[in-house]
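Fold and geometry: a report
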Amino acid sequence: MRRTPLPPDALDDTDRALINRLQEGIAITQNPYAALGAEMGLSENEVLTRTERLRGIGALTRFGPFIDAAAMGGAFCLCAMEVPEDRFETVLTLVNAHEEVAHNYERVHRLNMWFVLACESEGEITRVADRIERETGVTVLRFPKLKEFFIGFRVSA
Amino acid sequence: MSIDATDRKILTATQGGLPLTPRPFAVVGSWIGLGEDEVIARVAAMQEKGIIRRIAAAPNHYALGMTANGMSVWDVADEMAEKLGAQVGALEFVTHCYLRPRALPDWPYNLFAMIHGANRDEVEAHRAEIQKLLGSACRGKDILYSTRILKKTGVRLRKEAS
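Residues numbered from 1 in each chain as written. Chains lettered and ligands numbered in written order. Predicted model: local features only at pLDDT ≥ 70, side-chain atom pairs only at ≥ 80, totals over all residues. Heavy atoms only, no water.

Using the residue numbers shown here, the UniProt feature "domain: Siroheme decarboxylase AsnC-like ligand binding" (unreviewed entry) corresponds to residues 77-149 of chain A. For residues 77-149 of chain A, helix accounts for 33% and strand for 33%, while the C-alpha atoms at its two ends are 16 Å apart. (UniProt positions renumbered as here; feature names shortened; annotations may be inferred. Helix = DSSP H or I, 4+ residues; strand = E, 2+ residues; numbered from the N terminus.)

By the definition in use, this model includes eight aromatic pairs over all chains. On the basis of an interplanar angle of 55 degrees and a centroid distance of 5.6 Å, the ring pair of Phe143(A) and Trp107(B) is categorised as tilted. Of the two residues, Phe143(A) sits in strand E5 (residues 141-143) while Trp107(B) sits in the loop between strand E3 (94-99) and strand E4 (111-117), which places them in two different chains. A relative accessible area of 0% places Phe143(A) in the buried class. The buried category is assigned to Trp107(B), whose relative accessible area is 0%. Judged by centre distance (5.0 Å) and plane angle (85 degrees), the ring pair of Trp107(B) and Tyr109(B) falls under edge-to-face. Grouped by ring-pair contacts, the aromatic residues Trp114(A), Phe143(A), Trp107(B), Tyr109(B) and Phe112(B) constitute a single cluster. Over the face of the ring belonging to Phe112(B) we find Arg100(B), whose NZ or CZ atom lies 5.2 Å from the ring centre. (Phe/Tyr/Trp six-rings, centres within 6.5 Å; stacked < 30°, edge-to-face > 60°. Buried < 20%, exposed > 50% of the residue type's maximum accessible area, 1.4 Å probe, protein only. Lys NZ or Arg CZ within 6 Å of the ring centre and 35° of its normal.)

Quick look at the UniProt feature "domain: Siroheme decarboxylase NirL-like HTH" (unreviewed entry) in chain B now. According to UniProt, the positions carrying the feature "domain: Siroheme decarboxylase NirL-like HTH" (unreviewed entry) are residues 7-53 of chain B. Taken end to end, residues 7-53 of chain B is 66% helix and 4% strand, and its two terminal C-alpha atoms sit 14 Å from one another.

What follows concerns the nonpolar core. With 38 residues, the main nonpolar core has Phe63(A) and Ile55(B) as its most contacted residues. At the level of elements, helix H1 (13-24), helix H2 (32-40), helix H3 (44-56) and strand E1 (60-67) of chain A together with helix H1 (5-14), helix H2 (24-32), helix H3 (36-49) and strand E1 (52-59) of chain B are the ones that each hand at least two residues to this core. It is H3(B) that contributes the most residues to this core, four residues altogether. Not counting the four nearest positions on each side in its chain, Ile55(B) is found in contact with Gly25(A), Ile26(A), Ile28(A), Phe63(A), Gly64(A), Pro65(A), Leu18(B), Phe25(B), Val43(B) and Gln47(B). Core analysis: the next-biggest nonpolar cluster, separate from the first, contains 22 residues, Ile115(B), Val123(B), Ile143(B) and Tyr145(B) among them. (Core = buried A, V, L, I, M, F, W, Y, C linked by side-chain atoms within 4.5 Å. Contact = heavy atoms within 4.5 Å.)

This part takes up the pairing of E3(B). Here E3(B) lies mainly inside the structure; five of its six residues are buried. Taken together, the two bridges between strand E6 (residues 147-148) of chain A and E3(B) define a ladder with antiparallel strand orientation. Of the residues in E3(B), the one forming a bridge with Glu148(A) is Tyr98(B). As judged from the five bridges shared by E3(B) and E4(B), these two strands associate in the antiparallel manner. For Cys97(B), the partnering residue across the bridge sits in E4(B) and is Ala113(B). (Pairing = 2+ DSSP bridges.)

A separate point is unusual backbone geometry. The residue after Leu104(B), namely Pro105(B), is reached through a cis peptide bond having omega 5 degrees. Looking at the element boundaries, Pro105(B) is found in the loop between E3 and E4.

Quick look at the packing of H1(A) against H3(A) now. Residue and element names in this part refer to chain A. At their nearest, the axes of H1 and H3 sit 11 Å apart, and the two run at 85 degrees to each other. Taken together, the axes of H1 and H3 lie roughly perpendicular to each other. Facing Thr-14, Asp-15, Leu-18, Ile-19 and Leu-22 of H1, the residues of H3 in contact are Val-47, Arg-50, Thr-51, Arg-53 and Leu-54. When the residues that make up the contact of H1 with H3 are grouped by side-chain class, the tally is five nonpolar, two polar and three charged. (Axes fitted to C-alpha atoms, helices over the stretch in contact; angles between N-to-C directions. Parallel < 35°, antiparallel > 145°, perpendicular 65-115°, else oblique. Nonpolar A, V, L, I, M, F, W, Y, C, P; charged D, E, K, R; others polar.)

With 76 residues of chain B in contact, the opposing surface of chain A contributes 78 residues. When the two sides are added together, the surface that chain B and chain A hide from each other amounts to roughly 7,400 Å², 60% of it contributed by carbon and sulfur. Among the residues of chain B in contact with chain A, Leu20(B), Arg53(B) and Arg54(B) are the three that bury the most area, contributing 12% of the side total. On inspection of chain B and its partner chain A, the count reaches four salt bridges. We note a salt bridge from Arg148(B) to Glu89(A), for which the minimum N-O separation is 3.1 Å. If you look at where chain B meets chain A, you find 35 residue pairs in polar contact (both at pLDDT 80 or more). (Buried area = accessible area lost by both parts, 1.4 Å probe. Salt bridge = Lys/Arg side-chain N within 4 Å of Asp/Glu carboxyl O. Polar contact = N/O pair within 3.5 Å; in protein donor to acceptor, adjacent residues only side chain to side chain.)

Right under this line is the structure:
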């Protein structure tokens, strides 16, 4: 995924309006892009070619269904560890070796390693987190979500 | 909430993205042997049930110039947390917002809000806005900036239910 800003002239006003509108979601109908175009004063073809280009240049990371992963079955848990600096790389290797670790970030804090476990069940979350504690000798604090306030991913382009 | 094998086929087929063609649901149907009408009906039903939140684009914050982000965390009085959390989650610069259990004594914070901005000053200004919104219900705060992505595979759906 692109991690640097696009050049300032990469997007015109229509591109920006399209990025904003596409984040809201499309209608589930036979011709959703024609409907969206009609709403914005664009042809269906223009919606399609511009969206394709926006994806191509990395302005959009994806376009498709946003799934509530928990609704699909499965369990997720944010975890945090206080990893001693001199053991950071060793612990990192041990943690990342677990395929249940979906993503992992280093953060500036006493708790310096934050990762998400994605498992089939709550029981498996406990099992994997306990195993990471045994393997690393570092306590794994667990922060399962109690409630999600989902508005999500809206950026004014 | 649960889905059957056909719904699962639709979701796995579209995980990489919805086709950018005039009749995308007909194309998805052709991949998995379903008619366009059935795909549309099933996708609409899944959206109705909240399994699909919406069919939409995910912007790339970095490409759009929002290169700074921080995980802001707050200790909010429990009786106010749901109401205030919803308000924080609705702010345009907050991309994820969760209520989570505290881990006392190590961790007193129960509200997590991911803030994005063009730079760190902008993130801090947004953070001040959240603090103002929380008012006296806020008993403690911190912000954690990320320095490195150590792993990012995302959550992938398995093809078959296990």
